[in-house]
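Breakdown of the fold
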Amino acid sequence: MSTLSGEDNGFFLDLYARYRRDRHSVPADLAIHFDSLDGVGSDATPGVSALACDLRDAYRRFGHFEADLDPLAPNAHRDPVLSRLRGRIAEAGQEITGLSLAGEIRQLPLAEADALLRSVYCGPAALEAGHLQEEAERAWLHEAFEKAVSTPLSEAALAATLDSIALVDAFEGFMHRKFTAKKRFGSEGAEASIVLLRELLRTAPGHGVKEVVMGGMHRGRLATLAVGFGKNPATLAAELMGRDLSDGATFTGDVPYHLGYMGRSENGGHSLALTILPHPSHLMVVAPVALGFARAKTRQDDRGPGAILPVLAHTDAAFAGQGLSAELLQLGGLDSYSAGGSIHLVVNNQIGFTTMPSEGRSAQYCTDVAKLVGAPVLHVNGDDPEAVARVAGLAMDWRERIGRDIVIDLVCYRRNGHNELDEPRFTQPDMWQRIDSHPSLRQIAAEKFRDRAPHLLAAADSTAEAYRIRLQDGFDRAADVMPNEESIQKGAWAAQTATTEEALLQPVTTGVPVERLRKIALAASRIPDGIDAHPKVRRFYEARAETIRSGTDINFATAEALAFASLLAEGSRVRLSGQDAVRGTFTQRHFRVHDMASGETCIPLAAAAERPGMLELINSPLTEYGVLGFEYGHSLLAPEQLTLWEAQFGDFMNGAQIVVDQYIVSAEAKWRLRSGLVILLPHGLEGQGPDHSSAKIERIAQLYAGGNLILANPSTPANLFHLLRRQIRAPWRKPLFVIAPKSLLRSRDAVSTLAEMDETTSFRPVIAGPCADPGRVRRIVLCSGKIFYEFDRRRREEGMGEDILPVRLEQICPFPLEALRKTIAPFGQAEIVWLQEEAENQGAWPFVRDALTSPNIAISQRPRVVARPPLPVSAGGSIARHEREQGEILKRALAL
């Protein structure tokens, strides 16, 4: 130390100070150096030498680098820290030392201590836990790992492991023979994933788990359904044969390896509910959906968070490559999104389609992203079924004790290519030369346990033979079987049936008696005594209460709060999440009120709830993809809960378009999954530039077909109130995209009365302005959203109130054709103009155009559009340009 320069000396003194506070906060080799300076070991246990402690700590931190994890090749890497310590051990000779391992002190020569530690930390299972911030968690996990890998499996666990190997081998062999020309995405090479899954299911009840919710992947999907979850082989065979099990245009079905399943596992007198969600081909998107589904289950019956176990399966390339992995791991550690800890199973094929790890990631491990959130990582060799079973047990122990995510890196390989029809030898001839000569897991297990447990092998063989007979029987009956499996939405969704487009257009009474609504609203608008609220927030609540008492000037934010409060009072839960959603991006909500002195908070809206815990208001992480996927999954299990996700600006839904395409708008057609999720998308061109203007109405409308969603653009607070309540009061459930206001939130024109929300009222899909003499109307200007107010103001200023009638389209999809036809019928030969502020190639016009030319609407001439010219962006970046263009389109709409 004395030879260092002053600058370097200061740096090392700082490191030394950190070492004295926490030995694990500095690199292990420096910790060893500082140990020698202090002349003491890192472990204060008598009889334990500093070198022995250094050795153990180094193996705990770096042993995974030398572990035997790859089934296809031995690990020749030698860690430099461990190598230096071995040199010091060689110099120490046969010195006897105490080694603290698995909670016990053992007296043995240093060389034997090194060999013992190597067998624990560099064997077929390895642990990464050095990144955990809590020392107590690290200490517990190291000790638990040391015990787990040093303890032989019980006979029951070994029997279950051998059964799993035999069953998955029988299944894949049968599928290979019967479906040689089908894509199966089989588990061959990763059969240990089924071993691990079945061990989790076997031991889960002993950890207090009542149900497992799984989000899977293509790899091994059919084996997971059949062997892991017990799906009927006849149904599976029928699906693989390509039988058309769809039902007309409303239910299209999907390929077999995308389908979900619900079942039950019985083991040792314990019953475990099982759910695996359907998934699309897009990587990882099912994971946040499954997490949201699991979280909803924990709240459904007020069960504790440990009762529902999310098992989220990924492949190595996806887990390392998809940014959603980081989003998902962050969500799993947040109170409003956690389901008590997920077990992430990464099936490490050591290849992604044809891309090698060196091409697909810069991190050493495919699981390194887990270190961002302090999730421990267990690496395990997929060719060692005992190690796999031990790792499964350790993961369950961590989850029960700590309640956070844990990641299992199952290192394996693909016996076939990306699928059974792909030729991997085109691009990886060397790798597949090794795979072609590599024994299967069934062969490895038979060799390993031939002498050690022959009776268990024989029992597993009998189990496999019986299963092969069952598979053959299912195959023989596949032509006649009709699937009759339980829906994953059974129970809570019994009262919700599939519905038609016509049914969605029928009125639903959503109003509330005015006095009852006033009473609920006033209770939800009172800041409790003792809360020193910000003066502006207090005035906000006082002004809201005044409008409620008077029954007039109800603005959008108040109407939204009235919808939430009235539903809460009626016994329906409400869950709103989004970026800064609790206060509101536009400072319009203030749902959570903060005490300016103490920091204490209260939620006045919660006072309306029928019982505590019915309202969840969440400021989400700064992400759209993961959170929207989570909220969609949450909505799948809660038809009587109003579940809402709000984009900070409508444009931000771009970041979650995958969830929209793959689940929200298509899952009912593919998998009969229904959802009443509400997506709030602030929209409006106001000179704010292209990225804070558009909710991409045209994209949502393009995805509409046959009543799969609702797209609405309410221009009055009363209509927003009814729209939100309709999501719960209607006899159906559909995803609702609300084109939400921005500038209208503070517009003095955009207000409603409580009378417009009374028990006789409902959502109005079309709103026409007052007209004294229909015969004088020469032009009907159809529009949607905030442009109505600007146009109507200009129309009156120009003195054209008798000649031009504005008609607002409040719901775009499904198109309210009959309501519109009745609205414009009295106006005979009046010209029809569609006015929008969006560019002509955007907004609602591309969708509305076809509806307006329908022969059923009886328009005398083809409608024309007034809009900005087609643009590649949503809006310009200049306020002056915006105002000039807005003035031009309003002028054109008025030009008779």
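Position numbers for residues start from 1 in each chain and track the written sequence from start to end. Selection of residues for local features in this predicted model requires a pLDDT of at least 70, selection of side-chain atom pairs for listing and counting requires 80 or more, and totals for whole chains, interfaces and linings are taken over all residues. The basis for the side-chain values is all heavy atoms of the structure; hydrogens and waters are excluded.

1. Some points on the sheet that holds strand S14 (residues 615-619)
- Whether two strands pair comes down to DSSP finding at least two bridges between them. Secondary structure elements follow DSSP: runs of H or I of four or more residues count as helices, runs of E of two or more count as strands, with numbering from the N terminus. Here seven strands make up an open sheet; going across it, the order is S14-S11-S15-S16-S18-S17-S22 and the pairing mixed. The open sheet terminates on both sides in strands that have one partner only, identified here as S14 and strand S22 (811-813). Sheet twist, expressed as the mean angle between neighbouring strand axes with direction ignored, is 20 degrees.
- Where strand S16 (residues 678-682) and strand S18 (residues 736-740) come together, five bridges link them in parallel fashion. Across the sheet, Ile 679 pairs through a bridge with Phe 737, a residue of S18.
- Should any heavy atoms of two residues lie within 4.5 Å, those residues are considered in contact. For every element, the axis is a line fit to its C-alpha atoms; helices are fit only across the contacting stretch, and the angle between N-to-C directions ranges from 0 to 180 degrees. Where helix H22 (residues 556-569) meets the sheet, it contacts strand S11 (573-578), S14, strand S15 (641-646) and S16, and its direction lies at approximately 140 degrees from that of S11.

2. Things to note about the nonpolar core
- Of all hydrophobic cores here, the largest spans 103 residues; its most connected members are Leu 162, Phe 171, Leu 378 and Ile 408.
- Here this core gets eleven residues from one element, more than from any other, and that element is helix H7 (residues 155-178).
- Residues contacting Ile 408, with those up to four places away along its chain left out, are Leu 196, Ile 343, His 344, Leu 345, Val 346, Leu 378, Val 380, Val 391 and Ala 395.
- We define the nonpolar core as a collection of buried residues of types Ala, Val, Leu, Ile, Met, Phe, Trp, Tyr and Cys that are connected through side-chain atoms lying within 4.5 Å of one another. Between buried and exposed lies partly exposed: a residue is buried under 20% and exposed over 50% of the maximum accessible area for its type, with that area taken using a 1.4 Å probe on protein chains only. Core analysis: the next-biggest nonpolar cluster, separate from the first, contains 87 residues, Leu 628, Leu 709, Ile 832 and Val 848 among them.

3. Description of the confidence of the model for the protein chain
- On average, residues of the protein chain score 92 in pLDDT, and 94% of them are at 70 or above.
- In the predicted structure, residues 1-7 sits below a pLDDT of 50 and forms six contacts with residues beyond four places in sequence or in another chain.
- The low-confidence segment residues 39-44, where pLDDT is below 50, has eleven contacts with residues more than four positions distant or belonging to other chains. Scored between 0 and 100, pLDDT is the confidence that the predictor attaches to each residue.

4. Notes on the packing of aromatic side chains
- Each aromatic pair joins two rings of Phe, Tyr and Trp (for Trp, the six-membered one) with centres within 6.5 Å, and gets the label stacked for planes under 30 degrees apart, edge-to-face for over 60, and tilted for any other angle. Throughout the structure, instances matching the rule amount to 16 aromatic pairs.
- By way of ring pairs, the aromatic residues Phe 62, Phe 65 and Tyr 365 are connected into one cluster.
- Each ring is checked for a lysine NZ or an arginine CZ that lies within 6 Å of its centre and within 35 degrees of its normal; such an atom marks a charge sitting over the ring. The ring of Tyr 541 carries Arg 544 above its face, with NZ or CZ at 5.9 Å from the centroid.
- The side chain of Arg 808 reaches across the aromatic face of Tyr 789, ending 6.0 Å from its centre.

5. Let's talk about the pairing of S16
- Here S16 lies mainly inside the structure; five of its five residues are buried.
- The alternating pattern of S16 places Val 678, Leu 680 and Pro 682 and Ile 679 and Leu 681 on opposite faces, both of which are buried.
- Here three bridges tie S15 to S16, and the two strands are oriented parallel to one another. By the bridge assignment, Trp 645 is partnered in S16 with Ile 679.

6. Re the side chain of Glu 191
- Along the chain, Glu 191 falls in the loop between H7 and helix H8 (192-203).
- In this charge count, Lys and Arg are treated as positive and Asp and Glu as negative; neither His nor the chain ends contribute. The rule for a salt bridge is simple: a side-chain nitrogen of Lys or Arg has to be within 4 Å of a carboxyl oxygen of Asp or Glu. For the buried Glu 191, which has no salt bridge, the nearest side chain bearing the opposite charge is Arg 415, at an N-O separation of 5.7 Å.
- Not counting residues within four places of it along the chain, the set of residues in contact with Glu 191 comprises Val 168 and Leu 441.

7. What to know about the pattern of salt bridges
- Scanning all chains against the criterion turns up 51 salt bridges.
- We note a salt bridge from Glu 66 to Arg 118, for which the minimum N-O separation is 2.5 Å. In this pair, Glu 66 is assigned in the loop between helix H3 (50-62) and helix H4 (80-92) and Arg 118 in helix H5 (residues 110-121), connecting sequence segments 52 residues apart.
- When its relative accessible area of 2% is taken as the criterion, Glu 66 is described as buried.
- The exposure class of Arg 118 is partly exposed, given its relative accessible area of 25%.
- The closest approach of N and O atoms between Lys 371 and Glu 128, which form a salt bridge, is 2.8 Å. In this pair, Lys 371 sits in the loop between helix H14 (357-360) and strand S9 (377-381) while Glu 128 sits in strand S3 (residues 125-128), placing the two residues 243 residues apart along the sequence.
- Given the relative accessible area of 32%, Lys 371 is considered partly exposed.
- Sharing partners across several salt bridges, the network here consists of Arg 295, Arg 299, Arg 575, Glu 616 and Glu 631.

8. Points about helix H29 (residues 817-824)
- Within the sequence span of H29, burial applies to Leu 820, Thr 823 and Ile 824. Along the long axis of H29, the arc covered by the buried residues comes to 80 degrees, so they all point the same way.
- On its buried face, H29 sits against strand S19 (766-768), strand S20 (779-783), strand S21 (804-809), strand S23 (831-839) and helix H30 (845-852). To be clear, the arc concerns the directions from the helix axis to the C-beta atoms.

9. Re the environment of Ala 559
- Turning to its location among the elements, Ala 559 is positioned in helix H22.
- Ala 559 gets classed as buried once you look at its relative accessible area, which sits at 0%.
- Spatially, the C-alpha atoms of Ala 559 and Tyr 704 are 27 Å apart, while their sequence positions differ by 145 residues.
- Once residues lying within four places of it in the same chain are set aside, the contact partners of Ala 559 are Ile 554, Pro 717, Phe 721 and Met 757.

10. Quick word on the side chain of Arg 589
- Here Arg 589 shows up in the loop between S11 and strand S12 (593-594).
- Throughout this description, a polar contact denotes any pair of N or O atoms lying within 3.5 Å of each other; where both atoms belong to protein, one of them has to be capable of donating a hydrogen while the other can accept it, and for residues adjacent in sequence the pair is counted only when both atoms sit in side chains. One polar contact links Arg 589 to Glu 646, side chain to side chain, over a distance of 2.7 Å.
- Those residues in contact with Arg 589 that lie beyond four places of it in its chain are Phe 540, Tyr 541, Arg 544, Glu 560, Leu 576, Ala 581, Val 582, Arg 583, Gly 584, Glu 646 and Leu 680.

11. Some thoughts on the sheet that holds strand S8 (residues 343-348)
- The strand order S3-S9-S10-S8-S7-S4-S6-S5 describes an open sheet built from eight strands, whose pairing is mixed. This sheet does not close on itself; its edge strands, each paired only once, are S3 and strand S5 (261-267). The sheet shows a mean angle of 20 degrees between the axes of neighbouring strands, taken without regard to direction.
- In the sheet, strand S4 (residues 211-215) pairs with strand S7 (residues 308-315) via five bridges, with the strands oriented parallel. Along S7, the bridge assignment pairs Glu 211 with Ile 308.
- Contacts between helix H6 (residues 135-150) and the sheet are confined to S3 and S9, with S3 contributing the most and set at about 180 degrees to the helix.
- With respect to the sheet, helix H15 (residues 385-402) is in contact with S3, S7, S8, S9 and strand S10 (406-411), its orientation differing from that of S9 by roughly 165 degrees.

12. Here's the deal with helix H9 (residues 221-228)
- For H9, the tally of buried residues reaches eight of eight residues, placing the bulk of the element in the interior.
- Within the span of H9, buried status applies to Arg 221, Leu 222, Ala 223, Thr 224, Leu 225, Ala 226, Val 227 and Gly 228.
- Positive phi shows up at Gly 230, right after H9, with a value of about 80 degrees.

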